[in-house]
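Reading the structure
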Amino acid sequence: MSYRTAESLRSVTLDDVRGARKTLSGVARVTALEGSRYLSRLVGAPVHLKCENLQRTGSFKLRGAYVRIAGLLPEERAAGVVAASAGNHAQGVALASSLLGVHATVFMPQGAPLPKVSATREYGAEVRLHGQVVDETLAAAEEYAARTGAVFIHPFDHPDVIAGQGTVGLEILEQCPEVRTIVVGMGGGGLAAGVAVAVKALRPDVRIVGVQAEGAACYPPSLAAGRPVSLRNPVTMADGIRVGRPGAVPFGIVGELVDEVRTVSEDELSAALLLCLERAKLVVEPAGASPVAALLAAPETFGGPVVAVLSGGNVDPVLMQRVLRHGMAAQGRYLAVRLRLTDRPGALATLLGVLSAADANVLDVSHVRTDPRLGLTEAEVELHLETKGPAHCAELGRALRDAGYTVIA
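Overview of the structure. Given the structure is predicted, the values throughout are model-derived calculations rather than measurements.

Some points on the nonpolar core
- Judged by nonpolar contacts, the single largest core of 64 residues is most densely connected at Ile 69, Val 81, Val 93, Ile 182, Val 195 and Ile 253.
- With 8 residues, helix α9 (residues 190-202) is the largest single contributor of residues to this core.
- Apart from residues lying up to four places away in sequence, Val 93 is in contact with Ala 65, Ile 69, Val 81, Ala 83, Ala 104, Val 106 and Ile 153.
- Counting 37 residues, the second-largest nonpolar core is a separate cluster that includes Cys 51, Val 264, Met 320 and Leu 324.

In structure tokens:
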């Protein structure tokens with residue numbers, strides 16, 4: 001089904017993408033395409049990971065930002081550029097501006113991960129924190145552009161940016177000529193649109209699947225309405241794709257060329273990030289892991305060979321710790337239990353003995369004796385355990401009950 005806007009499919013062409021590739025020569029890396037035996041077994045066909053998490057600045061965003069800024073007129077460069085981003089586009093604009101000798105001001109949400117804020121500053125941009133979500137930050141950057149004359153570099157809603165991101169698609173076709181399905185994470189849609197333009201022009205038989213986080217899935221309702229519509233409050237750990245409204249330019253292209261848009265849950269994102277780290281030895285942020293999350297959720301629905309684009313690896317270490325623990329819990333490899341026991345010498349040691357006999361690894365223990373809810377001789381214990389899967393979790397529950405303990409949560 002077609003969804004055209006005022007700036008339609010023809011706003012970006014294969015020639016534009018090829019021109020962008022020339023512009024990026026010597027600037028952007030041709031990132032590796034790594035096979036995944038684990039995902040290949042699940043899907044029943046070869047699965048490859050396009051490692052844009054290893055791109056300069058840690059994501060694909062450098063491609064579009066550099067092409068856009070490189071195309072500015074001398075007087076536009078002299079006025080400087082301004083951008084808004086949760087982090088990846090910010091770093092791309094900062095590095096591109098530095099390489100091209102252009103002053104950059106970057107607006108970032110107040111809750112942007114500290115490593116992304118620090119990296120943006122280190123690349124030479126002036127950083128201003130404003131708003132809670134990208135859409136609020138975008139509005140502030142646009143107001144700044146109107147007031148100062150700086151050129152606004154949109155993270156996804158411009159043909160030059162989309163052409164730059166489309167170079168990922170050209171590389172995929174060269175690295176995996178037999179590809180049948182390409183899976184791409186989507187926020188505003190710039191990467192998916194660019195990849196679709198490049199790939200469909202050369203291989204119209206290749207299926208393009210976009211993936212959004214359930215809590216920030218602006219494309220499904222927009223495609224259903226036939227126009228970009230806004231989400232009220234997009235919420236997801238995947239800050240790189242936490243966008244409340246599709247861009248007008250990518251929306252037209254996605255509607256024309258992207259075959260399907262799927263959504264994934266926070267648990268699925270966590271499991272995907274954990275898999276990338278454990279199995280592929282790759283540090284990937286939640287947005288970058290979204291294509292892997294879609295593969296894990298329904299592996300039998302993808303025709304191979306499949307290429308999943310890992311769009312970025314700029315993850316806050318604090319978030320990484322939380323996500324990994326969340327992912328382990330989702331896979332039944334991490335268990336938090338709370339129970340009460342008689343407060344007497346040796347009671348905690350006895351409890352730990354039961355857990356040791358059941359082969360559980362105790363990560364953390366919280367022992368509370370003073371609480372109005374507790375009886376005079378009671379204590380409450382909360383334990384965080386490393387386990388071996390759902391079956392082991394059930395076995396631990398039985399072992400605790402058999403030993404006379406009542407598990408509260």
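Details of a positive patch on the surface
- Side chains of Arg 37, Arg 41, Arg 279 and Lys 281 sit close together on the surface and give a patch of like positive charge.
- Mapped onto the fold, Lys 281 is located in the loop between α12 (266-278) and α13 (286-297).

Some thoughts on helix α6 (residues 114-122)
- The complete set of buried residues in α6 reads Lys 116, Val 117, Ala 119 and Thr 120. The buried residues of α6 all sit within an arc of 165° when viewed along its axis, so they share a single face. Facing away from the buried side of α6, by more than 90 degrees, are the exposed residues Leu 114 and Glu 122.
- In this structure, the buried side of α6 is in contact with α5 (88-100), β4 (104-108) and β5 (126-129).
- One or two steps after α6, the chain reaches Gly 124, where phi turns positive at roughly 110°.

Some remarks on the packing of aromatic side chains
- On inspection of all chains with the given rule, the structure shows 2 aromatic pairs.
- One residue, Arg 262, lies across the ring of Phe 302, its end atom 4.3 Å from the ring centre.

Side note on the packing of helix α3 (residues 61-70) against α5
- Taken N-terminus to C-terminus, the directions of α3 and α5 make an angle of 45°; their axes are 8 Å apart at the nearest point. In terms of orientation, α3 lies oblique with respect to α5. For the crossing formed where α3 meets α5, the hand is right-handed. In this structure, α3 uses Lys 61, Leu 62, Ala 65, Tyr 66, Ile 69 and Ala 70 to contact α5, whose residues at the interface are Asn 88, His 89, Gly 92, Val 93, Leu 95, Ala 96, Ser 97, Leu 99 and Leu 100.
- Across the contact of α3 with α5, the residue classes break down as 10 nonpolar, 4 polar and 1 charged.

Examining the sheet that holds strand β3 (residues 81-84)
- With parallel pairing, the 4 strands of this open sheet are ordered in space as β5-β4-β3-β6. The open sheet has two free edges, formed respectively by β5 and β6 (151-153), since each of these has just one partner strand. Put simply, the sheet's adjacent strands are angled 25° from each other on average, direction ignored.
- The pairing of β3 with β6 spans 3 bridges and is classified as parallel. Following the sheet pairing, Val 82 is matched in β6 by Phe 152.

Calculation notes
- Residues numbered from 1 in each chain as written.
- Predicted model: local features only at pLDDT ≥ 70, side-chain atom pairs only at ≥ 80, totals over all residues.
- Heavy atoms only, no water.
- Core = buried A, V, L, I, M, F, W, Y, C linked by side-chain atoms within 4.5 Å.
- Buried < 20%, exposed > 50% of the residue type's maximum accessible area, 1.4 Å probe, protein only.
- Helix = DSSP H or I, 4+ residues; strand = E, 2+ residues; numbered from the N terminus.
- Contact = heavy atoms within 4.5 Å.
- Patch = residues over 30% accessible without salt bridge, like charges linked within 9 Å, V, L, I, M, F, W, Y side chains within 5 Å.
- Areas by Shrake-Rupley, 256 points an atom, 1.4 Å probe, with all protein chains shown as cover.
- Salt bridge = Lys/Arg side-chain N within 4 Å of Asp/Glu carboxyl O.
- Lys, Arg positive; Asp, Glu negative; His and termini not counted.
- Charge placed at Lys NZ, Arg CZ, Asp CG, Glu CD.
- Arc of directions from axis to C-beta.
- Phe/Tyr/Trp six-rings, centres within 6.5 Å; stacked < 30°, edge-to-face > 60°.
- Lys NZ or Arg CZ within 6 Å of the ring centre and 35° of its normal.
- Axes fitted to C-alpha atoms, helices over the stretch in contact; angles between N-to-C directions.
- Parallel < 35°, antiparallel > 145°, perpendicular 65-115°, else oblique.
- Left-handed = near helix turned anticlockwise from the far one by under 90°.
- Nonpolar A, V, L, I, M, F, W, Y, C, P; charged D, E, K, R; others polar.
- Pairing = 2+ DSSP bridges.

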